[in-house]
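Close look at the chain arrangement
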Amino acid sequence: EMPAPGRGFETTPLVIDGVMYITGNNNTAWALDARTGRPIWSYRRRLPEVLRVCCGMVNRGFATLGERLYMGTLDAHLIALDRKTGTIIWDSTVEEPKNGYAITMAPLVVKDKVIVGVAGGDYATRGFIDAYDAESGQRARRFYTGPDAGEPGSESWPGVDVALRGGGGVWTTGAYDPALNLVYFGTGNPDYYGIKAIKMA
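Residues numbered from 1 in each chain as written. Predicted model: local features only at pLDDT ≥ 70, side-chain atom pairs only at ≥ 80, totals over all residues. Heavy atoms only, no water.

1. Quick word on the pairing of strand β14 (residues 182-187)
Relative to β14, strand β13 (residues 175-177) is paired through three bridges, and the arrangement is antiparallel. Across the sheet, the residue bridging to Asp 177 is Leu 182, located in β14. Remark: four residues form the turn of the hairpin made by β13 and β14, two consecutive strands paired antiparallel; Asn 181 in that turn has positive phi of roughly 55°. (Pairing = 2+ DSSP bridges. Helix = DSSP H or I, 4+ residues; strand = E, 2+ residues; numbered from the N terminus.)

As structure tokens, then:
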């Protein structure tokens, strides 16, 4: 069920102090001298042989805080890399790829949290958005983007177990409004579309 390797390049680079940090497909990443293109370091994640990724082995970029870079992975992990060396500082399991989950979005850093959502709505997975402690990689919060059976909103799908039907995947980076202390994420694939606002602590 793995798409053809090498398909897609959807990243947005970060440039900090003359260094360009860029991610590529199959969870590859590089630090480059932004003026000359000279490689400083490279990283490539060892991915399992079988993944359930619907729409290309893409990655949409890093988030950064201090001396760390944060990247979601196709096997549904969130990792922190040392910005100067590209070595892994921590690696947190967000979900299991065998369950249809992947992470293709660039994470969003808000205060001391790294926020990431999961792709996988095409495989009838229940979408969610997580917040992780930027220092330790421990999960601090999970917000499901669609209601479970019996929860508010599930009545709009009469006769259907909403959680099993899936949807509410989050595969593009959200935005943060510091004045309201809210993050906003678009959701989709295939059954839910809309914007969710979450109050940050």
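From this point, things continue past the structure.
2. Quick notes on the packing of aromatic side chains
Going through the model one piece at a time under the given rule, you end up with four aromatic pairs. Consider the rings of Tyr 70 and Trp 90, whose centres lie 5.8 Å apart with planes at 40°: the pair is tilted. With Tyr 70 in strand β6 (residues 68-72) and Trp 90 in strand β8 (residues 88-93), this pair connects stretches of sequence that are 20 residues apart. The interplanar angle of 70° and the centroid separation of 5.9 Å between the aromatic rings of Phe 128 and Tyr 144 together place this pair among those described as edge-to-face. Separated by 16 residues along the polypeptide, Phe 128 in strand β11 (residues 128-133) and Tyr 144 in strand β12 (residues 139-144) bring together distant segments of the chain. By way of ring pairs, the aromatic residues Tyr 101, Phe 128 and Tyr 144 are connected into one cluster. Across the ring face of Tyr 144, the terminal group of Arg 126 is positioned such that the distance to the ring centre comes to 4.0 Å. One Lys or Arg, Arg 142, reaches over the ring of Phe 128 and ends 3.7 Å from the middle of that ring. (Phe/Tyr/Trp six-rings, centres within 6.5 Å; stacked < 30°, edge-to-face > 60°. Lys NZ or Arg CZ within 6 Å of the ring centre and 35° of its normal.)

3. Quick word on the pattern of salt bridges
Scanning the entire structure with this criterion turns up eight salt bridges. Measuring nitrogen to oxygen at the nearest pair gives 2.8 Å for the salt bridge that ties Arg 60 to Glu 10. Within this pair, whereas Arg 60 is found in the loop between β4 (39-44) and β5 (63-65), its partner Glu 10 is found in the segment before β1 (14-16), the two being separated by 50 residues in sequence. By relative accessible area, Glu 10 is classed as partly exposed at 37%. Linking Arg 83 and Glu 67 is a salt bridge whose minimum nitrogen-to-oxygen distance equals 2.9 Å. Of this pair, Arg 83 sits in the loop between β7 (77-82) and β8 while Glu 67 sits in the loop between β5 and β6, and the two are 16 residues apart along the sequence. The class of Arg 83 is buried, set by a relative accessible area of 10%. One salt-bridge network, held together by shared partners, links Arg 45, Asp 75 and Asp 91. (Salt bridge = Lys/Arg side-chain N within 4 Å of Asp/Glu carboxyl O. Buried < 20%, exposed > 50% of the residue type's maximum accessible area, 1.4 Å probe, protein only.)

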